[in-house]
Amino acid sequence: MKVLVVEDEKGLAESITDYMSKEGYLCETASTFREADERIFLYNYDCVIVDLTLPDGDGFQIIQTLKKLLATTGVIIISARNSLEDKIRGLEIGSDDYLTKPFHLSELNARVKSLIRRRNFGGHTEIRFKEIVVNPLARKVYVNGQLTVLSRKEYDLLLYFLSNIDVVLTKVSIAEHLWGDNIDSADSLDMVYSHIKNLRRKLLEKGGSDYLRSVYGIGYKFGES
Amino acid sequence: MKLLAKTNRIYLAFSLVIYLFAGLAFYQVVRFLIYKEVESRLRVERLDFENYIQIHRAWSDSTYFIENKIDVVPAGSSVQKAEMFIDTLIRNRYDNELMPFRQLTFYTTIQGKMHRVAIRKSLIQSYQLIEVITVTMAACLGLLLLGTFWFQGKLSGRLWHPFYETLSRIKRFNLASATPLQLDKPEINEFRELNEVLRKMGDKMQQDYRSLKEFTENASHEIQTPLALINAKVEQLIQSEKLTETQTRWIEDIYQASRRMARLNQGLLLLAKIENQQFTHNQTIDLAALLAEKLDDMEEVLHHKRLSVQSQNNIPFEVQLPMPLAESLVMNLVNNAIKHNYPDGRLELVSDGNQLWLGNTGSPLTTNPERLFERFKKEGSGPDSVGLGLAIIKEICDNYGLRIRYEEHNGWHRFCISRKPEEA
């Protein structure tokens, strides 16, 4: 899986690349419009992450060029501008998702994964982690082959964890993933806790191992280690 | 009071006094002249009378045609000798009407005996003359007064027209709009200078306003990227296994602070955008339905805080708003009502078509309700609140013809939205 990160802020580009590389993606970066333009002509990518404001050009143009060259490439826009017009325009010219800065790396990662899943397999793929199997199309979860009934939020939570295996997810990022930006955080952190508690209980009931760990009180980690 | 009304009033009062005074003086002068004329004629008649007495040595009252003209009465010797003019009324012989006369009384000796002689002259014609003159003059002065009053009104109306024009333009002037203050160049120097000064001031104000706005917006945008960087680095940092508990706490603090800053920044940016009127595409939105929908969405939070919602079949409350702002308005209202509630509290949504309110139970307000809608006013100051929610609500309402009102009643806190009456 090849991912191109078009972002002029070097530090941010580096963080994204690091994070994505750990997830097994092959990441390349472009910090200017020209560099990005060159790269999409030379190579094929599965997914391109584009910042809209670049020092020497407009991110929209890159997306337009990209869509002409290879329409199957997934596009995620990351922008400091939280404007509806930009979002609509992005969708119109063929981008798949829009994230407003500042965003969580885990959230970006989850979106890239789900995007690639949709693009490559039309969603007809199961997500497996040990004894847990998730069928994203039917939104069904099986543990040890047994159907496990999860609430909508618990399902979203599980999927978010499965997209970020062995990574510490902050409580805030989980809350924002589940409820969006608009919820008051004091309440949402409490609710995150109760959802995690329920999810863990339901997975354990079906004989799953306990993969959920609280980390330093700052967040949670899903994984073997 | 309007300037023109004021000058007109002063002018009218002043002219009235002058005209009254002039009329009175004129009347006195005419009267004086007529009396003088009559009296000199009476003196001449006295001479004629004395001449007649000297020649005829006697006086007979038989001069019939001269009505009451000369009256001779014998008098004692003790009486006063000086001649004297008086006004008197004498009955008309035929129709019994009283007629004004001027009478000269003097004493003279006829046939060795002292007599009092009164010579009279009718004033009826003179009075008629005075009357006619007075009426004519009053009419003329009245017409003159009305005429100058009308002329004065027209003139000052025209002279002050540029001033009123300027005034109305300034009233309509909108600091936030892109159109500069447009003023005429009137003939009159003072008004031209005034307009010049006002135009310069308007331009300067608009420029300052714009640059302030741009600054806020640019600053907010520029802040987003470093914040994204901080977030990303913190997220990477916490992946490390070797952190001590203290370090984690520091990191958590950094993380929280950066999240808060991001929220704050987004709030300020939204406010700047609303002020700049960057949201277009108004649509008809039923706020009551949208609020009910939002409350449904928040069911989980409501359940978590054990809040119950009362919302009976509400009448739609339709407003013209851009969708993102309607969302923001509704969200901030709901969040506010939830945040300042206590566990097991209640919420109520009521709409009667003319106004819409969302009420919540909660502890009494500690800050001044008047200042509730100001930026960074925090009630209870939770660490997560940035204090912009109500400011955003107010800004949206102010910019889209709505009015937001806060009221506290029996432990209920209500935020009422109503339509602003159409401006005349």
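A quick note: this is a predicted structure, and the numbers were derived from the prediction, not measured. Sequence order sets the numbering: in each chain, residues are counted from 1 along the sequence as written. All chains are assigned letters beginning with A, and all ligands numbers beginning with 1, in the order in which they are written. Whole-chain, interface and lining totals are the exception, using all residues; otherwise, since this is a predicted model, local features are given only for residues with pLDDT of at least 70 and side-chain atom pairs are given and counted only at 80 or more. For side-chain calculations, the full set of non-hydrogen atoms in the structure is used, while hydrogens and water are omitted.

Draft legend 1. Here's a closer look at the overall build of chain B. The helix and strand inventory of chain B stands at 8 helices and 11 strands. The C-alpha radius of gyration computed for chain B amounts to 48 Å, which surpasses the reference 22 Å derived for 424 residues by more than 25%, pointing to a less compact arrangement than a globule. For chain B, the spread of C-alpha atoms along the principal axes amounts to about 160 × 50 × 40 Å. Contacts are residue-level and defined by heavy atoms, with any inter-residue pair within 4.5 Å sufficient. For chain B, long-range pairs separated by at least 24 residues make up 66% of all intrachain contacts whose partners lie at least 6 apart in sequence. All accessible-area figures derive from a Shrake-Rupley calculation using a 1.4 Å probe, and residue coverage is judged against the displayed protein chains alone. Surface summary for chain B: the accessible area is close to 25,800 Å², and the carbon and sulfur share equals 57%. For this count, His and the chain ends are skipped, Lys and Arg are scored as positive, and Asp and Glu as negative. Positions of charges follow a simple convention, taking NZ of Lys, CZ of Arg, CG of Asp or CD of Glu. Each charge class in chain B was averaged separately, 52 positive and 51 negative side chains, and the resulting centres sit 10 Å apart. Under the DSSP-based scheme used, a helix requires at least four consecutive residues in state H or I and a strand at least two consecutive residues in state E, with every element numbered from the N terminus. Radius of gyration here uses only the C-alpha atoms, and the compact-globule reference equals 2.2 Å multiplied by the residue count raised to the power 0.38.

Draft legend 2. Expanded view of the domain arrangement of chain B. Residue ranges assigned to the domains are those given by an automatic or database domain assignment. Here the domain parsing of chain B yields domain 1 (3-145), domain 2 (189-275) and domain 3 (283-419). Taking the mean C-alpha position of each, domain 1 of chain B and domain 3 of chain B sit 92 Å from one another.

Draft legend 3. Representation of the UniProt feature "transmembrane region" (unreviewed entry) in chain B within the structure. All names here are of chain B. UniProt positions are given in the numbering used here, feature names are shortened, and annotations may be inferred rather than shown by experiment. Here the UniProt feature "transmembrane region" (unreviewed entry) sits at residues 12-34 and 129-151. With 100% helix and 0% strand, the stretch residues 12-34 has end C-alpha atoms that lie 33 Å from each other. With 100% helix and 0% strand, residues 129-151 has its two end C-alpha atoms placed 32 Å apart.

Draft legend 4. Expanded view of the domain arrangement of chain A. Residues and elements named next belong to chain A. For chain A, the assigned domains are domain 1 (2-121) and domain 2 (127-222). In this structure, domain 1 and domain 2 have C-alpha centres spaced 26 Å apart. With 9 residues of domain 1 in contact, the opposing surface of domain 2 contributes 15 residues. What makes a salt bridge here is a side-chain nitrogen of Lys or Arg within 4 Å of a carboxyl oxygen of Asp or Glu, nothing more. Summed over the shared surface of domain 1 and domain 2, the result is 0 salt bridges. By the criterion applied in these results, polar contacts are pairs of N or O atoms within 3.5 Å in which, for protein atoms, one can donate a hydrogen and the other can accept it, and in which residues neighboring in sequence qualify only through two side-chain atoms. Inspection of the domain 1/domain 2 interface yields 10 residue pairs in polar contact (both at pLDDT 80 or more). A per-element tally of the side of domain 1 that touches domain 2 places helix α5 (residues 105-121) first, with 6 residues. Classification used: nonpolar for Ala, Val, Leu, Ile, Met, Phe, Trp, Tyr, Cys and Pro, charged for Asp, Glu, Lys and Arg, polar for all others including Gly. Here the residues of the side of domain 1 that touches domain 2 sort into 2 nonpolar, 3 polar and 4 charged.

Draft legend 5. Representation of the environment of B:Y209 within the structure. Assignment of secondary structure puts B:Y209 in helix α3 (residues 189-237). Among residues more than four places away in sequence, those in contact with B:Y209 are B:L175, B:A176 and B:E275.

Draft legend 6. Representation of the sheet that holds strand β2 (residues 84-91) of chain B. Residues and elements named next belong to chain B. If you walk across this open sheet you meet the 4 strands as β1-β4-β3-β2, and the pairing is antiparallel. Of all strands in the sheet, those with a lone pairing partner are β1 (70-74) and β2, marking the two edges. Averaged over all pairs of adjacent strands, the angle between strand axes in this sheet comes to 35 degrees, irrespective of strand direction. Across 5 bridges, the pairing between β1 and strand β4 (residues 113-122) is antiparallel. Bridged to P74 within β4 is H115. All axes here are fitted lines through C-alpha atoms, helices being fitted over the stretch that makes contact, and every angle between N-to-C directions spans 0 to 180 degrees. Relative to strand β3 (residues 98-110), helix α1 (residues 3-56) is tilted by about 35 degrees, and along the sheet it contacts β1, β2, β3 and β4. Strand pairing is assigned whenever DSSP identifies at least 2 bridges connecting the two strands.

Draft legend 7. A look at the sheet that holds strand β2 (residues 26-30) of chain A. Residues and elements named next belong to chain A. As summarised here, the arrangement of the 5 strands in space is β2-β1-β3-β6-β7, forming an open sheet in which the pairing is parallel. The outermost strands of the open sheet, each flanked by one partner alone, are β2 and β7 (97-100). Pairs of neighbouring strands in the sheet enclose a mean axial angle of 20 degrees, with direction left out of account. Bridge analysis of strand β1 (residues 2-6) against strand β3 (residues 47-51) gives 4 bridges, and the strand direction is parallel.

Draft legend 8. A look at the UniProt feature "modified residue: 4-aspartylphosphate" (unreviewed entry) in chain A. Residues and elements named next belong to chain A. According to UniProt, the feature "modified residue: 4-aspartylphosphate" (unreviewed entry) maps to D51 in the numbering used here. In this structure D51 comes out as buried when scored by relative accessible area, which is 1%. Dropping the residues within four chain positions of it, D51 is found in contact with V6, E7, D8, G59, I78, S79 and K101. Burial here depends on accessible area, computed with a 1.4 Å probe over protein chains only, as a share of the maximum for the residue type. Under 20% is buried, over 50% is exposed, and the range in between is partly exposed.

Draft legend 9. Region of interest: the packing of aromatic side chains. Residue and element names in this part refer to chain A. What counts as a ring pair is set by centres within 6.5 Å for rings of Phe, Tyr and Trp (its six-membered ring), and what kind of pair is set by the plane angle: stacked under 30 degrees, edge-to-face over 60, tilted for all other angles. By the definition in use, this model includes 12 aromatic pairs over all chains. With a centroid separation of 5.5 Å and an interplanar angle of 55 degrees, the aromatic rings of F129 and F222 are classed as tilted. Taken together, the residues F129 in strand β8 (residues 127-129) and F222 in strand β14 (residues 219-222) connect sequence positions 93 residues apart. Considered together, F129 and F222 belong to a single accessibility category, that of buried residues.

Draft legend 10. Geometry of helix α5 (residues 287-297) of chain B. Residues and elements named next belong to chain B. For α5, the set of buried residues is L287, A288, L290, L291, K294 and L295. Along the long axis of α5, the arc covered by the buried residues comes to 165 degrees, so they all point the same way. Among the exposed residues of α5, those pointing more than 90 degrees away from its buried face are D296 and D297. Backbone nitrogen of A288 and a side-chain oxygen of the N-cap are separated by 3.2 Å at the start of α5; the cap is D286. Relevant arc is that of directions from the helix axis to the C-beta atoms, nothing else.

Draft legend 11. Unusual backbone geometry, seen in detail. Of note, the bond from A:K101 into A:P102 is cis; its omega dihedral lies within 30 degrees of zero at -5 degrees. Within the secondary structure, A:P102 sits in the loop between β7 and α5. We note that A:R139 has phi near 55 degrees; this positive angle belongs to a residue other than glycine. Within the secondary structure, A:R139 is located in the loop between β9 (132-135) and β10 (140-143). A positive phi angle is found at B:D344, which is not glycine, with a value near 65 degrees. On the secondary structure map, B:D344 appears in the loop between α7 (323-339) and β8 (346-351).

Draft legend 12. Representation of the interface of chain A and chain B within the structure. Each partner contributes residues to the interface: chain A has 41 residues there, and chain B has 38 residues. Two parts placed together each lose some accessible area under a 1.4 Å probe, and the buried area is that loss summed for both. The contact between chain A and chain B buries some 3,600 Å² in all, and 52% of this surface belongs to carbon and sulfur atoms. For the pair chain A and chain B, the interface holds 2 salt bridges. The residue B:K233 makes a salt bridge to A:E14 at a minimum N-O spacing of 3.7 Å. Summed over the shared surface of chain A and chain B, the number is 13 residue pairs in polar contact (both at pLDDT 80 or more).

Draft legend 13. Just the pattern of salt bridges, in detail. For the coordinates displayed, the defined rule picks out 33 salt bridges over all chains. When the shortest N-O distance is used, the salt bridge between A:E7 and A:K101 registers 3.1 Å. On the criterion of sequence distance, the pair formed by A:E7 in the loop between β1 and α1 (10-22) and A:K101 in the loop between β7 and α5 is long-range, its members being 94 residues apart. A:K101 gets classed as buried once you look at its relative accessible area, which sits at 1%. Its salt-bridge partner being B:E348, residue B:R414 comes within 2.8 Å of it at the nearest N-O pair. Here B:E348 lies in strand β8 and B:R414 lies in strand β11 (residues 412-419), a separation of 66 residues in the sequence. One network of salt bridges, with partners in common, ties together B:R43, B:R46, B:E50 and B:E83.

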